[in-house]
Every structure is written in structure tokens, then in C-alpha cells.
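# Commentary on secondary and tertiary structure
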Amino acid sequence: MNLLDHLGNRLAGKGQTILYALAGLVGAVILFFVYSWWSDNRADDARLALGKAIEITDAPVVTGTPDPNEKGPTFPSERERAQKAVEEFQKVQQKYGSPYSDLARFFAATNLLIVEREKGIGELEQISKNGNSEVAARAKFALAQTREADGQLDAAVALYQELQKEQGKYIPDNTLNLRLASIYEKQDKKEAAVDILFRMVDEARKARQSKDDKGDKGDKIERPAPESAVVRAASEKLQKLSPERYAQLPPEPVPARGGGFPSF
């Protein structure tokens, strides 16, 4: 009671100030919730707009009379589809902030490769050096693939190797290794390609993953990790390039009936 009396004396004559302070506090809370609501709605709008543009990128190219049962958009050529996708992605880029604008700019650049190739390459170069780190990495990977397709193999190798320094943070290491092996094969660097492929498949076949199954002692059981599509591609390429090195690999894990791996 003494504390309350003391507090009452301290606040005497300050009722108007307190009311202003409370009003300010209430106003701040209201503004916070209004902004959160607006931000969530805007994020939903951005995702919808981005999804619409991606739908155009994935739309089928149909020559002749379109199928009346086709529900989504169709285009008479890849170029027209890419041009429309660029327009939609640029709308997202101009209207919304990061990360949606960053993604939209990247997707627009990849479609520009079909419409205005040099302009698309220029965009990918800029994106790969600035902004969102994940989008920059994906732009660098797309640029490397473009250099590879254009026969600029040394430039492509340099870009793939830069991405390797990120240790699979955005682009899986095995994906980069497979691209490098493919380039080395084109450059008649067979041994370098074989070494990469052998290491990929060897590590994958020796990899183990823990399962929830318990052994006799209550420990988790380790089983062979499932082989990815990239590793399978590397295995097939290695078998063609060097049957001798392929024969040195550990045995391929045999899946159990039903597609899983056998329990031990």
C-alpha cells in the first residue's frame, strides 16, 4: 500500500501525459498488427504472381489446333512462351520487394536467353554478383551452363569451380562434379573426368544413413544411402569411359523387394 501511495504521489498531475503515452502505445500496437496483416497479404500476392509466371514457363508448346481439354495456357512456340514469361516476371520484379523481386529477375533472365540471348547472359552475370546469395548462386550456375552450351568450356569450368567453394550450400556438389566431368570429357581430359566420376560413385556407395530401426543393443541401424539420379548418371558415364575403373568400385547396394534397402 505504501508503494502504491508513493506511486500515486509521483504520478499526480500527470494524467494527461499518461493518457498520451497509453494512446501512443495502443496506436503502435495497432500499426504493428495492420502492417503484419498488410505484409502477409502482400507476400501472398507476390507468391501468387510468381506462381502465375512460373506456370507460363512450364506451359506446353502446341503447334496446330490447341487441345480444347487443355486447362492451362499454351503457346505456339518456345520463343513466344519465353517472351510472355519475361513480361510476367518483370511485373513481379517491379511490384514486389526481395526475395520475390530477386527470384523474378532470375527467372526473367533465364527466359531472356531464348528471346534475347546476349541480354539474358548480361542479366545473369549481374545477378550472379549482387543481391540474394542463393539467387546469385543459381544465376552463376545457369551462366555456367550457358557458357558450356556455347562451347566456352574454360569459362564454364571456372564458374563451376567457384560454386564448389560454397560446398554444396546452394548447388549440390555432385551436380557440379558431373558437369565438370562432362566438360573434361569434351576437352579430352579423360583421366580427370574418370577421377571425378569414380570419386562420386565410390563415396555414394560407401555412404550410410541411420534409420529409426533398432538393433539388438538398441542402437540405430545404418543402411546404405539411396543412390541419387546424379550418381546413377555418373556411374553410367564412368562405365562407358573406363570399364577398368568402374570394376574397382565397391558393389552396388541391392535394394530389397518393394524398392527399399534390405534390413540387416
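Just so you know, these numbers come straight off a predicted model, no measurement behind them.

With that out of the way, let us pick up the overall build of the protein. Secondary structure assignment for the protein yields 11 helices and two strands. Written out in order from the N terminus, the α and β elements of the protein read α-α-α-α-α-α-α-α-α-β-β-α-α. Across the 264 residues of the protein, 30% fall into the buried class. Across the protein, every contact between residues at least 6 apart in sequence was considered, and the portion connecting residues at least 24 apart equals 47%. Carbon and sulfur atoms make up 53% of the accessible area of the protein, which totals about 17,000 Å².

For the rest of this paragraph, the subject is unusual backbone geometry. Here the amide bond leading from Ser-98 into Pro-99 is cis, since omega sits at 10°, within 30 degrees of zero. Residue position: Pro-99 is located in the loop between helix H3 (78-95) and helix H4 (100-115).

The subject of this paragraph is the confidence of the model for the protein. The predicted model of the protein averages 82 in pLDDT, with 74% of residues at 70 or higher. Residue range residues 33-38 is modelled with pLDDT below 50. Its contacts to residues more than four positions away, or to other chains, number zero contacts. Counting interchain partners and residues more than four positions distant, the pLDDT-below-50 stretch residues 258-264 has 18 contacts.

On to the environment of Leu-249. One can find Leu-249 in the segment after helix H11 (243-247). The sequence separation of Leu-249 and Glu-203 amounts to 46 residues, and the corresponding C-alpha distance is 9.6 Å. With residues near it in sequence (within four places) discarded, Leu-249 still touches Phe-198, Val-201, Asp-202, Arg-205 and Leu-238.

Of all hydrophobic cores here, the largest spans 39 residues; its most connected members are Leu-124, Tyr-160 and Leu-197. Elements supplying a minimum of two residues to this core: H4, helix H5 (117-127), helix H6 (133-149), helix H7 (153-164), helix H8 (173-186), helix H9 (190-206) and helix H10 (229-241). Apart from the residues within four sequence positions on either side, Leu-124 is in contact with Phe-106, Ala-109, Thr-110, Leu-113, Ala-139, Ala-142, Leu-143 and Thr-146.

This next bit is on the environment of Glu-166. For Glu-166, the location among the structural elements is in the loop between H7 and H8. A relative accessible area of 31% means that Glu-166 is categorised as partly exposed. Along the backbone, Glu-166 and Ala-137 are 29 residues apart, and their C-alpha atoms lie at a distance of 9.0 Å.

Applying the stated criterion across every chain yields a total of 14 salt bridges. Here Arg-47 makes a salt bridge to Asp-44, at a shortest N to O gap of 2.5 Å. One end of the pair, Arg-47, and the other, Asp-44, are both in helix H2 (residues 15-57), three residues apart, so they sit about a helical turn from each other. Look at Asp-44 and you get partly exposed, because its relative accessible area is 35%. Between Lys-186 and Glu-148 there is a salt bridge, and its shortest N-O distance comes to 3.4 Å. Here Glu-148 lies in helix H6 and Lys-186 lies in helix H8, a separation of 38 residues in the sequence. Take Lys-186: its relative accessible area is 48%, and that puts it in the partly exposed class.

Attention now moves to H8. For H8, spanning 14 residues, the distance from its first C-alpha to its last is 20 Å, which sits close to the expected 20 Å at 1.5 Å a residue. Along H8, the residues that are buried comprise Leu-176, Asn-177, Leu-178, Leu-180, Ala-181, Ser-182, Ile-183 and Tyr-184. Packed against the buried residues of H8 are H6, H7, H9 and H10.

Definitions and limits used
- Residues numbered from 1 in each chain as written.
- Predicted model: local features only at pLDDT ≥ 70, side-chain atom pairs only at ≥ 80, totals over all residues.
- Heavy atoms only, no water.
- Helix = DSSP H or I, 4+ residues; strand = E, 2+ residues; numbered from the N terminus.
- Buried < 20%, exposed > 50% of the residue type's maximum accessible area, 1.4 Å probe, protein only.
- Contact = heavy atoms within 4.5 Å.
- Areas by Shrake-Rupley, 256 points an atom, 1.4 Å probe, with all protein chains shown as cover.
- pLDDT = per-residue confidence, 0-100.
- Core = buried A, V, L, I, M, F, W, Y, C linked by side-chain atoms within 4.5 Å.
- Salt bridge = Lys/Arg side-chain N within 4 Å of Asp/Glu carboxyl O.
- Expected span 1.5 Å × (residues − 1).

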